[in-house]
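# Structure assessment
Single-letter residue listing:
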Amino acid sequence: MDYLKSAVPSQVIADRGANIVVINPGSANLRIGLAQQQYPFIIPHCIAKYTRGDNQDPKKNVQDQMLNSGITPAQQQEREKAYDIIASLLKIPFLDEEVANNSFPRKTVRVDGYNLQSGKKDSTFSWTDVMERNPTSSSAVEKLEDEGVKDEPLDNPEDTDGIEPESSDFKFREFICGEEALKISPTEPYCLCRPIRRGHFNVSQYYPMQQVFEDLTTIWDWILTEKLHIPQPHRRMYSAVLIVPETFDSREIKEMLSIMLRDLQFGSAVVHQEGLAAAFGNGLSTACVVNIGAQMSSIICIEDGVALPTTGVTLPFGGEDISRGLLWIQQHHQTWPTISTNPLAKPIDMLMLNKLKESYCQIRDGELDAVSVVHSYEDGMPAGIHKTRLTALNVPPMGLFYPQLLVQDEYPPPPRSWFHDHEDMLEDTWHMDFPRRSDMSDGLFLGVNGGMPMWDNYPVIPTRHKKEDNLGLAEAIVNSILSTGRIDLQRKLFVSIQLIGGVALTSGLVGAVEERVLHAIPSNEAVDTVEVLQPRTDPTFVSWKGGAILGILDFGRDAWIHREDWIRNGIHIGSGRKYKDSYYLQAQAMCYINS
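Calculation rules
- Residues numbered from 1 in each chain as written.
- Predicted model: local features only at pLDDT ≥ 70, side-chain atom pairs only at ≥ 80, totals over all residues.
- Heavy atoms only, no water.
- Helix = DSSP H or I, 4+ residues; strand = E, 2+ residues; numbered from the N terminus.
- Buried < 20%, exposed > 50% of the residue type's maximum accessible area, 1.4 Å probe, protein only.
- Contact = heavy atoms within 4.5 Å.
- Areas by Shrake-Rupley, 256 points an atom, 1.4 Å probe, with all protein chains shown as cover.
- Pairing = 2+ DSSP bridges.
- Axes fitted to C-alpha atoms, helices over the stretch in contact; angles between N-to-C directions.
- Parallel < 35°, antiparallel > 145°, perpendicular 65-115°, else oblique.
- Left-handed = near helix turned anticlockwise from the far one by under 90°.
- Nonpolar A, V, L, I, M, F, W, Y, C, P; charged D, E, K, R; others polar.
- pLDDT = per-residue confidence, 0-100.
- Phe/Tyr/Trp six-rings, centres within 6.5 Å; stacked < 30°, edge-to-face > 60°.

## Considering the overall build of the protein
Helix and strand counts for the protein come out as 18 helices and 21 strands. Scored against the burial criterion, the 595 residues of the protein give a buried share of 57%. When contacts within the protein are restricted to residue pairs at least 6 apart in sequence, long-range pairs at least 24 apart make up 74% of them. Here the protein has roughly 25400 Å² of accessible surface; of this, 48% comes from carbon and sulfur atoms.

The following block contains the structure:
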């Protein structure tokens, strides 16, 4: 953060960032916080809602679990083939070779009360307490009057032992957000909802559009109130910077703007692309930004502070797929305890697998094993603790380069029928006449023939990214950079690769990307050097930090959309102005960052 502090005075950050909320939504996590903060809150992007004893047959613990599918024989064959290719590269035994050498299961031991001594942080999770005091009960009212206690969840789940759900003193919490929602026992009357799945709104026959919008609003409102302590009556004094992933469609961006301005009642808002914000977060004006998220990966090239739309590529896999791959490999090698682990149906299992992946997976040659503790989470029971030896821990992250290993189709994206007849808010507004606001200068007004010459070669918003289902990360990076068509820019981008997202912290990934990208460049291309830049900001929230920089340095705020304009006119000039003015805002930011 030192480069930011030296470029922008701390007092400027404190003053201008105090009333700017930066929101960076993702499929699995939401990064949100005030621009003046050093770090954002990173909160699982989900909500569990009390089902009120609804008769569900069968009971659904996850709203969209019917979208998930089992692996097909063909996919299994492709997965095993990918494993052997990776094994050859890493100089470890092939899959069949290992199975042949293990005629009996590897021993695993359940150890009750085992205390891990390896230095790794204990990652045991406890079931969420779903009960809270009922403020309408007589005893609760007396307690509130006597002690001034707020209506809140109990501190300890044990406090509800022996309490019936219909007890007048306690009631089920109406909804639970964030990590607590992921740790609710399957026996409880709750259904987990994820408003965003695989980089898009999770609209399906199981999850209606309006419910997706309402859940997004509830989650964001809860965070603003409980984490940032900004109650709704005060929000019109705040502005919001929305950092949108490149996977989002124009309609999705429009709906999120409506949620922020109409429902959450921010005074104004502006939209920036995630890849572009990431470049600012690291103080770069030109880079190939590779974002490896939890469920999606995307690539976009930035030149002189401007995103190049034709370079956009999205890949349908991310960190959670690596975690599922880790589980499959251990089960195949019989190193996994004989417990029921299902990360797609039981969210707490995905939390555990993500912790194991972050602690033990890395990319390096040779066999890589580790003794670890695995937890089992049976319905309503305390976590079972199992000490075991995990094997082939360098194989799962290599699935980024060989996605057949990850079988992402087990967790497919939501159906896209909702978007067939969608309203493209940003491109349409580019060609429309709007009533001219009296406070706008000639240079900012966009009519039918409006626009600046420098933008003649750039669409207002990037066209929909090329989606590559079977392309590996290295080939996708090469395709993105080569699509620029200019050898001077290509050479610059190949030595300015920026990895962002939690997976970017994987040990050995930088070297693997450099090596595999270099090998993937066609021999007829005059490029012989590839370099991944060292991050100057934590890659897990660098886009959020870049959004904070953009919000603070935007002195005039000519690009911002005001609440009244949005509500009165729906699609207003702000959407077009944002991309017009971004060039100057970006140049200004680069002047500050690179000075």
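## Points about the sheet that holds strand E9 (residues 190–193)
Strand order in the open sheet formed by 3 strands is E8-E4-E9, with antiparallel pairing between adjacent strands. Edge strands, defined here as strands with exactly one partner in the open sheet, are strand E8 (175–177) and E9. Averaged over neighbouring strand pairs, the angle between their axes works out to 20° when direction is ignored. Sheet topology places strand E4 (residues 47–50) next to E8; 3 bridges connect them, and they run antiparallel. Looking at E8, one finds that Lys49 is bridged to Phe175. Sheet strands touched by helix H7 (residues 209–226): E4, E8 and E9. Its angle to E4, the strand with the most contacts, is close to 105°.

## Focus on the packing of helix H13 (residues 473–482) against helix H15 (residues 509–520)
Packed helix pairs are specified by the crossing angle of their axes together with the interaxial distance, meaning the distance between the axes. Contact geometry for H13 and H15: axes closest at 8 Å, N-to-C directions at 60°. When the axes of H13 and H15 are compared, the pair comes out oblique. Here H13 runs over H15; the crossing is right-handed. In this structure, H13 contributes Leu473, Ala474, Ile477 and Val478 to the contact, and H15 contributes Val513, Arg516, Val517 and Ala520. Here the contact of H13 with H15 is built from residues that sort into 7 nonpolar, no polar and 1 charged.

## Considering unusual backbone geometry
Backbone geometry places Asp304, a non-glycine residue, at a positive phi of 50°. Locating Asp304 in the fold gives a position in the loop between strand E15 (297–303) and strand E16 (306–315). Its relative accessible area of 49% is what places Asp304 among the partly exposed residues. If you check the backbone angles, Gln334 has positive phi at about 60° while not being a glycine. For Gln334, the position within the fold is in the loop between helix H10 (319–332) and helix H11 (347–360).

## Focus: the sheet that holds strand E3 (residues 41–44)
Read from one edge of the open sheet, 6 strands run E3-E2-E1-E12-E13-E21, paired in mixed fashion. Taken across any chain shown, the strands that pair with only one partner, and hence form the sheet edges, are E3 and strand E21 (561–562). In this structure, strand E13 (residues 268–273) lies alongside E21, joined through 2 bridges in antiparallel fashion. Across the sheet, Ala269 pairs through a bridge with Ile561, a residue of E21. Sheet strands touched by helix H8 (residues 250–263): strand E1 (20–25), strand E12 (239–244), E13 and E21. Its angle to E13, the strand with the most contacts, is close to 150°. Relative to E1, helix H16 (residues 542–553) is tilted by about 145°, and along the sheet it contacts E1, strand E2 (29–34), E12 and E13.

## Regarding the pairing of E1
In terms of burial, E1 is largely enclosed, as 6 of its 6 residues are buried. Burial along E1 is two-sided: Ile20, Val22 and Asn24 and Val21, Ile23 and Pro25, pointing in opposite directions, are all buried. Where E1 meets E12, 4 bridges bridge the pair, whose relative direction is parallel. Bridge pairing in E12 links Val21 to Ala240.

## Brief notes about the confidence of the model for the protein
On average, the protein scores 81 in pLDDT, and the residues at 70 or more come to 74%. Low confidence marks residues 421–464, where pLDDT is under 50. Its contacts with residues over four positions away, or in another chain, come to 81 contacts. Low pLDDT, under 50, characterises residues 571–595; the stretch is placed with 81 contacts to residues that sit more than four places away or in other chains.

## Some words on the packing of aromatic side chains
For the structure on display, the rule yields 9 aromatic pairs. Ring geometry for Tyr50 against Tyr190: centres 5.8 Å apart, planes inclined by 45°, an arrangement best described as tilted. Placement of the pair is Tyr50 in strand E4 and Tyr190 in strand E9, with a sequence separation of 140 residues. Taking the relative accessible area as the measure of exposure, Tyr50 reaches 22% and is therefore partly exposed. Taking the relative accessible area as the measure of exposure, Tyr190 reaches 3% and is therefore buried. Here Tyr83 and Trp328 contribute two aromatic rings whose centre-to-centre distance is 6.4 Å and whose plane-to-plane angle is 75°, an arrangement assigned as edge-to-face.

## Notes on helix H9 (residues 274–281)
In terms of residue burial, H9 counts as a mostly covered element, since 8 of its 8 residues are buried. Inspection of H9 places Glu274, Gly275, Leu276, Ala277, Ala278, Ala279, Phe280 and Gly281 among the buried residues, and these make up the whole buried set. Gly283 sits one or two positions beyond H9 and adopts a positive phi of about 70°.

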